[in-house]
Protein chains: 2
Amino acid sequence: MKIVVDTLGSDLGPEELVRGTINAMKNIPIDVVFVGNKKNVEQAVINNGGDPDRIEYIDTSVSIENTEDPVMAIRRKKEASIVLGLHHLNNEGVDGFYSTGSTGALLAGGMFITKRIEYVDRAALVVILPTRRGGTMMLDAGANMDTTPDFLYQFAIMGEAYAKKVLGVSKPKIGLLNVGVEEGKGDKRTKETYDLLKGSSMNFGGNVEARELLNSDFDVIVTDGFSGNIALKSFEGSVKLLFTELKEGLMGSARGKLGGLLLKPILKNIIKKYDYREHGSAPLLGTKKAIFKAHGSSDARAFENGLYIMEKFISNGVIQEIEKNLSEVQHD
Amino acid sequence: MKIVVDTLGSDLGPEELVRGTINAMKNIPIDVVFVGNKKNVEQAVINNGGDPDRIEYIDTSVSIENTEDPVMAIRRKKEASIVLGLHHLNNEGVDGFYSTGSTGALLAGGMFITKRIEYVDRAALVVILPTRRGGTMMLDAGANMDTTPDFLYQFAIMGEAYAKKVLGVSKPKIGLLNVGVEEGKGDKRTKETYDLLKGSSMNFGGNVEARELLNSDFDVIVTDGFSGNIALKSFEGSVKLLFTELKEGLMGSARGKLGGLLLKPILKNIIKKYDYREHGSAPLLGTKKAIFKAHGSSDARAFENGLYIMEKFISNGVIQEIEKNLSEVQHD
């Protein structure tokens, strides 16, 4: 299995990504093509004891910024790491592309360079939400604005395939993010999507409210990218805020400082459990080959974890499963 | 000033609402008309030492459930507490209506019985988000699905009036809830709303991401009801989950138990600060008279707090300010 790793676009610099990749290579049988500033990356590979026989390089220093128009950038910046990497992904024997770069550019590149699976209208970003029972996947996590009920229905089929093949759930329970649990709640889009999902052969469990996102028994939660982004960032903001408040409270008194000392291991566990970095690698679902996006602030550990999921995604045939299920729906 | 208080629809029963109301009456010059089961309410008034000279009753035991179609219910259930209460609100000398009942029914009743302010297309629900610097108001918090950019623009004008008159901010900073801070981000609706707000005379500060909702310097954040609901419930869910995890962690070991004991006052402060009950009363903006909604699970304290805000809302003339500002925009 061969993965193309984009080393540009990371907030922490290429060294973190190289370290994470090399750590993953010790545990899973992947070869890697690093895209980025070859001199820097090669040095990082040496520093971290990478195996030169399993590593190739594509040299470039051009990246696509979050502020650029993604479609324009993909079309014009022929030397950008995402463009070069995705073109390389089109070659036979190359299985996946992994990047911390611009989500929009990855999505546009996925659509225009890698291309969509037949019957897929839009590729969707997945996020694995850290829940009390382990994890729930939500899609779309922010890639697509102005989605239609048909797109959301396809997201459900794609999510189901991922839950089956990567998470090992035999009959994934599908939910629809909505403003209330009752049938008939929501805006026009969610109401129509509800009807589509209800009429499908999937294990549709109905609407899910945002307050249950981290505490439900749903395997896959479907939403438009706008609402998905809002839910996710609201969660991120809440966690950050509460721990800041807690830290400030603890530092404010001797009693608090002692309490904090005793509490440290418990807080550490919770932070680890609900740390987006642990769950921070998101596949793009709907493209003909595997494309994964990691947070720009991913450290080596987060990046490494993403590679483990990606390896499973490829070897268990998620894309083939999506193709099969969507073509069956089309022929119904 | 006279306020109609709906005692039906509370999860905790009418006694909590009566106690909260009577506590508020000790501090602010309001007379009250209780709508609900007169026998029960009268007993609760006696139990809590209410002043009979400042209290009237409207007797009914009919309520509108959350599961009912709100528009249908408002039209057909002539004896429902919300319907009777809102009709009473139409009388001269009656200034406000306060209820824990169905949000949908309040909204429908506000539209059909109280009626909208001229130039207002949709009434919006406000929520005061507990933020680190005190509070930020967000609207619409879930009343309106399928809102248009024009509606959102009106929400901004209504929110601005509330922030000026109730929160005492001279030039409120207005934000738009969106998936990114840059101009050009979002779906069709938010992009068009951005342009409208940018072209207005308001102090428009641009887009706000959901992760900054609890930690921004915006006074008013505008959003469609669907996204507003998602953001709010995601926050509620996160807070609940983190404290559950913390409690479980603390109870799991002797060290944790001791830490927890030392920590208790700090946690209590944080919970109080971010407790929706402290901030749980939401005005409906856009109706010709003041209508406030409290959470169904509001206790006496939460209900009391809502009455203080409502009194300010009425005496400072929020509705008159909205009328003035909207008519100026219409004549531009």
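Everything below is about the structure shown above.
Residues numbered from 1 in each chain as written. Chains lettered and ligands numbered in written order. Predicted model: local features only at pLDDT ≥ 70, side-chain atom pairs only at ≥ 80, totals over all residues. Heavy atoms only, no water.

K.L.:
With reference to specific residues and values, describe the interface of chain B and chain A.
P.N.:
In this assembly, 54 residues from chain B lie in contact with 55 residues from chain A. Both sides of the chain B and chain A interface together cover about 4800 Å² of buried area, and 66% of this is carbon and sulfur. For Lys233(A), the salt bridge goes to Glu209(B), with nearest N and O atoms at 2.3 Å. Put simply, the parts of the chain that give the side of chain B that touches chain A at least two residues each are α7 (188-198), α8 (225-251) and α9 (254-273) of chain B. If one sorts the elements of the side of chain B that touches chain A by residue count, α8(B) sits on top with 21 residues. (Contact = heavy atoms within 4.5 Å. Buried area = accessible area lost by both parts, 1.4 Å probe. Salt bridge = Lys/Arg side-chain N within 4 Å of Asp/Glu carboxyl O. Helix = DSSP H or I, 4+ residues; strand = E, 2+ residues; numbered from the N terminus.)

K.L.:
Explain the packing of helix α8 (residues 225-251) of chain A against α8(B) to me, and be specific about the residues and the numbers.
P.N.:
Relative orientation of the contacting elements α8(A) and α8(B) amounts to 40 degrees, with a least axis distance of 8 Å. Considering their axes alone, α8(A) and α8(B) lie oblique with respect to each other. Crossing handedness for the pair α8(A) and α8(B): right-handed. On the side of α8(A), the interface is formed by Phe226(A), Ser227(A), Ile230(A), Ala231(A), Ser234(A), Phe235(A), Ser238(A), Val239(A), Leu242(A), Phe243(A) and Leu246(A), while α8(B) contributes Phe226(B), Ser227(B), Ile230(B), Ala231(B), Ser234(B), Phe235(B), Ser238(B), Val239(B), Leu242(B), Phe243(B) and Leu246(B). (Axes fitted to C-alpha atoms, helices over the stretch in contact; angles between N-to-C directions. Parallel < 35°, antiparallel > 145°, perpendicular 65-115°, else oblique. Left-handed = near helix turned anticlockwise from the far one by under 90°.)

K.L.:
How would you summarise the packing of helix α6 (residues 149-165) of chain A against helix α11 (residues 318-330) of chain A if you had to cite specific residues and measurements?
P.N.:
Residue and element names in this part refer to chain A. Running from amino to carboxyl end, α6 crosses α11 at an angle of 140 degrees, the nearest separation of the two axes being 9 Å. Overall, the two elements α6 and α11 adopt an arrangement that is oblique. The element α6 and its partner α11 pack so that their crossing is right-handed. Along its contact with α6, which presents Tyr153, Gln154, Ile157, Met158, Glu160, Ala161, Tyr162, Lys164 and Lys165, the element α11 presents Val318, Glu321, Ile322, Asn325, Leu326 and Val329. Classifying every residue of the contact of α6 with α11 gives nine nonpolar, two polar and four charged. (Nonpolar A, V, L, I, M, F, W, Y, C, P; charged D, E, K, R; others polar.)

K.L.:
Account for the side chain of Gln154(B), naming residues and giving values.
P.N.:
Secondary-structure assignment places Gln154(B) in helix α6 (residues 149-165). At 3.4 Å, the side chain of Gln154(B) forms a polar contact with the backbone oxygen of Tyr119(B). (Polar contact = N/O pair within 3.5 Å; in protein donor to acceptor, adjacent residues only side chain to side chain.)

K.L.:
I'd like a rundown of helix α1 (residues 14-25) of chain A, residues and numbers included.
P.N.:
Relative to the 16 Å expected for 12 residues at 1.5 Å per residue, α1(A) spans 16 Å between its end C-alpha atoms, a close match to the ideal helical length. Those residues of α1(A) that are buried lie in contact with β1 (2-6), β2 (31-36), α2 (38-47), β3 (55-59) and α10 (300-315) of chain A. (Expected span 1.5 Å × (residues − 1).)

K.L.:
Describe the sheet that holds strand β4 (residues 96-99) of chain B, listing the residues and the values that go with them.
P.N.:
Residue and element names in this part refer to chain B. Taken in spatial order, the 11 strands line up as β3-β2-β1-β4-β11-β10-β5-β6-β9-β7-β8 in an open sheet, and their pairing is mixed. On the outer flanks of this sheet lie β3 (55-59) and β8 (203-208), each paired with one strand and no other. Along the sheet, successive strands turn relative to each other by an average axial angle of 25 degrees, direction set aside. Relative to strand β9 (residues 220-222), strand β7 (residues 173-177) runs parallel, the two being bridged by three bridges. Residue pairing for β9: isoleucine 174 is matched across the bridge by valine 220. Packed onto the sheet, helix α2 (residues 38-47) meets β2 (31-36) and β3 and runs at close to 155 degrees relative to β3. Packed onto the sheet, helix α5 (residues 103-114) meets β4, β5 (124-131), β10 (281-285) and β11 (290-294) and runs at close to 170 degrees relative to β11. (Pairing = 2+ DSSP bridges.)

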